[in-house]
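Fold and geometry: a report
Here's the letter readout for the chains.
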Amino acid sequence: MRRTLLAVGFAVALGAAAALPSAATAQEKPQYGGVLTYLIPAEAPPSFDGHRESTYATVHSVAPYYSVLMRVDPEDPANTTKFVCDLCTALPTISDGGKTYTFKIRTDAKFHDGSPLTAKDVAASWHEIIFPRPGVLSARQNWYELVSSVEAPDDTTVVFKLKYSTSTFLPSLADPYAFIYPARILEKDPHWFEKNVLGSGPFKFVSYQIGQEIKGEKNKDYYHKGLPYLDGIIGIYAPKQAVQIDALRADRAAIEFRGYPPSAINQMKQELGDKIVIKSSDWNCGNLITPNARRKPFDDVRVRKALLLAIDQWHGAPALAKIADVRTVGGIVFPGSPLAATKAELQKMAGFWPDIEKSRAEARKLLKEAGQEHLHFTLLNRNVDQPYKYVGTWLISEWAKIGVTATQRVVPTGPWFQAMRSGDFDVVVEANCNSIVNPVLDVQKYLPHDVFGENYGGYSDPTEAKIYDEMLHETDFAKQRVLMRKFETRIIDTEAHEFPMLWWYRNVPFRSYVHGWKIGPSHYINQDLSDIWLSKH
Amino acid sequence: MWRYIVKRVLLTIPTLIGAAILVFTLMRLIPGDICVIRLGSGGGQFDERAVTACHIQLGLNKPILVQLFDFIWGFFHLDFGISMWSGHPVITEIAARLPVSLEIALLATVVAILIAIPLGTISALKQNTWIDVVVRTVAIGGIATPSFWIGILSILLVLNVTSAITGSPWMPPINYVPIWQAPLQNLAMVFLPALTVGYRYAAVSMRMTRSAMLEVLREDYIRTARAKGLVHRIIINRHALKNALLPVVTVIGIEFAFLIGGLVVTEQVFNLNGIGRLFVQAVQNQDYTLTQALVMLTVTVFVLTNLVVDILYAWLDPRIRFN
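For the structure given in this document, a descriptive report is provided here. Given the structure is predicted, the values throughout are model-derived calculations rather than measurements.

Considering the packing of aromatic side chains
- Within the structure shown, the criterion is met by 34 aromatic pairs over all chains.
- Ring geometry for Tyr101(A) versus Phe169(A): centroids 4.9 Å apart, planes at 75 degrees, classification edge-to-face. Pair noted here: Tyr101(A) is in strand β5 (residues 100–104) and Phe169(A) is in helix α5 (residues 169–173), with a separation of 68 residues, a long-range link.
- On the basis of relative accessibility, which here comes to 0%, the residue Tyr101(A) falls in the buried class.
- Ring-pair connections join several aromatic residues into one group, and the members of that group are Tyr101(A), Phe103(A), Trp126(A), Trp143(A), Tyr144(A), Phe160(A) and Phe169(A).
- The residue whose ring lies beneath Arg38(B) is Trp85(B), and the NZ or CZ to ring-centre distance is 5.7 Å.

Encoded structure:
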């Protein structure tokens, strides 16, 4: 089983490597000291409880104060298949035909109040995530449907028992929100962590001013010896992009971890020259276009497919990348993943054909057959500039090229969700944005509504659901990849249920005296800040 | 006078109840769900069971009339409840932002009064001269230009000027510190917003001062005062200005109340964590309890400001209380 899991690409590098400080090069010898002031590009987080929240405002605020069981390798966060231990000491022992995962937990970890962190705390935290008590929210509970139990038989062992063997489990354990809380507090009051912070991470919580700033200081007892480098951290809440850019320019803050569109990056480069460094990465987020199959004429696959065939992603990508947070053409799987379609595989599917003229001719033919040559409809979009409105506006011009008229209706987040959930739309610009790259779970969004509640396409497709089920249970990478292609082809090429658009792209600027932080494909991951050091205090 | 005050105070009660019912109803007419926004606005997948648990936790499963009764009962007991978004008491949420908004409003009012009353008076006294033209132009400019735009320009100006002079751009701090903790940092942060808001505020008050003064200066009692040989300064300060200030006080009062919760964009431009920003956030998040409390706070401030203005009127002009 162990060999099988490695074969699916999850090269889990664990234990000793994770316990060492950053492998800094000779030129970049880390320095200790200093306080990092960073921007949190959001309003105050709804709460500090990672288990219940799904906003980056929570992760960017409190991830430095917490430990997790496993995580993306902070030395190589761009690698979508490499996970390392944080609190565990070694690769889990997998037994019982891939249904039992046994972790050994390190013995030198302490909570910030001085109490020891044991396997009981790890098991209690994961138990609350997987089996929340009534009245307790667990935002990602559905990721762990396959878990039948989580237990700590002793102070150094945690055992997860699964209902079936699957390759999705290990990456899902690296969820950056899965903070480990002290079991004794969790048992008494599971809501305590909504307003309080008590973890075992590289920094100790010092103070919080609602919606203003959050401060932490170095945890001198941190179990990853030699870390963190910084004496302290200050996160300043600044939701407006203009303020953030001015703050970076005037050195009121040294870094913002989410990212900016190209225009802002160019402006900063021009104004700050070598005082600013930019790191860029594909982003595990993308827009998808969902026609409402409950409404005519979008119940007709010919109409849906025509809309898909009209879009020229290959030529649109470089143009849009100049003005919006998008760049890479891809299918339903994050392009950096081994499970993603290659360019050749993509180009076989509708919407990705290399010859756009042929594609649009086919689109016009299909519309004519469906009696929808002069189709008019409303494109529902979310009132968020980057990249929703840019993508929406571009799509309208693409559809106009086959004689289709779309009118964009941009609404705030609340009404946008309400319209999707009640089926009150023609076609909608949605998004699928995930933290850990875990393709088989990430593509659940494309499952029919009767299987996955947060699919808004309004279609039912037992064939598609069956392929997914096979893929979920398949642990052989090669076979899983074949099934993923079948699943993707069904959604895009055969049924045109939904159309994945260009994948987003992160550009993270920071002052040149900030070192050690490495960019990954998500703004949720690698946020404990323990590797960051400053060459100017 | 007392009878007049009691009558005005009693009139505030139906006003507040009406406002409470209106805001409660309007909030629930906006499509959307705080739990879905909370779980899904990041673009990630979420669990429907979490939405249900969230509804129960926030009391959104209770009958609507029960929710309305709880709200009105709470308001009159000064219990605004818990923010649905953050779980903090609404009072804590407001208290965290009120000092910022109050400080900006007070400083802007000082700026406005210092500019508006002298310039408005001079403009009236020098009617149709070049001084009057300049003052009126400045006033029209202030009304026509949004504060936030002046704010953006002022930040850019500071950044560019400091960059040109020192080689490294400087801007005011973006995290608020109370004045008693770090006076310099506090003033550095609030100076520009107070100035930009105060300019617009001054422009409105300046025009009002000018027109009220022009009206009063044509009154018979001013002519009488001049005829009996009173000193010009006494005529202006004691007889003209005091009477002309009636409408100016009204404008200043209403503007002050507006500033407490109305600086939505300006607060965002200067990263001020004030009541205006909280307001927008509460509406966007569909945080019913917080929005309701903020609306009621604003309504109460308006009602009380108007009450104070009415009482000031009665004090400044005895004819009002006798009528």
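From this point, things continue past the structure.
Some points on the pairing of β5(A)
Residue and element names in this part refer to chain A.
- As defined by bridge partners, strand β4 (residues 93–95) adjoins β5 across three bridges and the pair is classed as antiparallel. When the sheet's bridge partners are listed, Thr-93 is paired in β5 with Thr-102.
- As consecutive antiparallel partners, β4 and β5 are separated by four residues, and within that stretch Asp-96 has a phi angle of approximately 55 degrees, a positive value.

Some details on the side chain of Asn284(A)
All names here are of chain A.
- Mapped onto the elements of the fold, Asn-284 is located in strand β12 (residues 276–291).
- On the accessibility criterion, Asn-284 (1% relative accessible area) is buried.
- Polar contacts involving the side chain of Asn-284 include one to the side chain of Asp-442, which spans 3.5 Å.
- Asn-284 has contacts with Phe-334, Asn-432, Cys-433, Asn-434, Ser-435, Ile-436, Val-437, Asp-442, Trp-503 and Pro-521, leaving out every residue within four places of it along the chain.

Digging into empty space enclosed by the protein
Residues and elements named next belong to chain A.
- In this structure the tally under the stated criterion is eleven cavities of 30 Å³ or more.
- The computed volume of the largest cavity comes to approximately 220 Å³.
- Val-68, Arg-71, Asn-526, Gln-527 and Asp-528 are, among the 19 residues lining the largest cavity, the residues nearest its centre.
- Taken together, the residues that form the lining of the largest cavity break down as twelve nonpolar, three polar and four charged.

Quick look at the interface of chain A and chain B
- Tallying the contact residues gives 56 residues for chain A and 49 residues for chain B.
- Both sides of the chain A and chain B interface together cover about 4,500 Å² of buried area, and 50% of this is carbon and sulfur.
- Seen at the junction of chain A and chain B, the total is four salt bridges.
- In this structure, Arg421(A) engages Glu48(B) in a salt bridge whose closest nitrogen and oxygen atoms are separated by 2.8 Å.
- Our count for the contact surface shared by chain A and chain B stands at 20 residue pairs in polar contact (both at pLDDT 80 or more).
- Sorting the residues of the side of chain A that touches chain B by element identifies α7 (192–195), β10 (232–237), α8 (241–249), α15 (413–422), β16 (427–433) and α16 (439–442) of chain A as the ones contributing at least two each.
- Here the side of chain A that touches chain B gets six residues from one element, more than from any other, and that element is α15(A).

Calculation criteria
- Residues numbered from 1 in each chain as written.
- Chains lettered and ligands numbered in written order.
- Predicted model: local features only at pLDDT ≥ 70, side-chain atom pairs only at ≥ 80, totals over all residues.
- Heavy atoms only, no water.
- Phe/Tyr/Trp six-rings, centres within 6.5 Å; stacked < 30°, edge-to-face > 60°.
- Helix = DSSP H or I, 4+ residues; strand = E, 2+ residues; numbered from the N terminus.
- Buried < 20%, exposed > 50% of the residue type's maximum accessible area, 1.4 Å probe, protein only.
- Lys NZ or Arg CZ within 6 Å of the ring centre and 35° of its normal.
- Pairing = 2+ DSSP bridges.
- Polar contact = N/O pair within 3.5 Å; in protein donor to acceptor, adjacent residues only side chain to side chain.
- Contact = heavy atoms within 4.5 Å.
- 1 Å grid on protein atoms, 1.4 Å probe; cavity = no way out; pocket = protein on both sides within 12 Å on 5 of 7 lines; lining within 4 Å.
- Points joined across faces, edges and corners; volume = space filled by probe spheres on them.
- Nonpolar A, V, L, I, M, F, W, Y, C, P; charged D, E, K, R; others polar.
- Buried area = accessible area lost by both parts, 1.4 Å probe.
- Salt bridge = Lys/Arg side-chain N within 4 Å of Asp/Glu carboxyl O.

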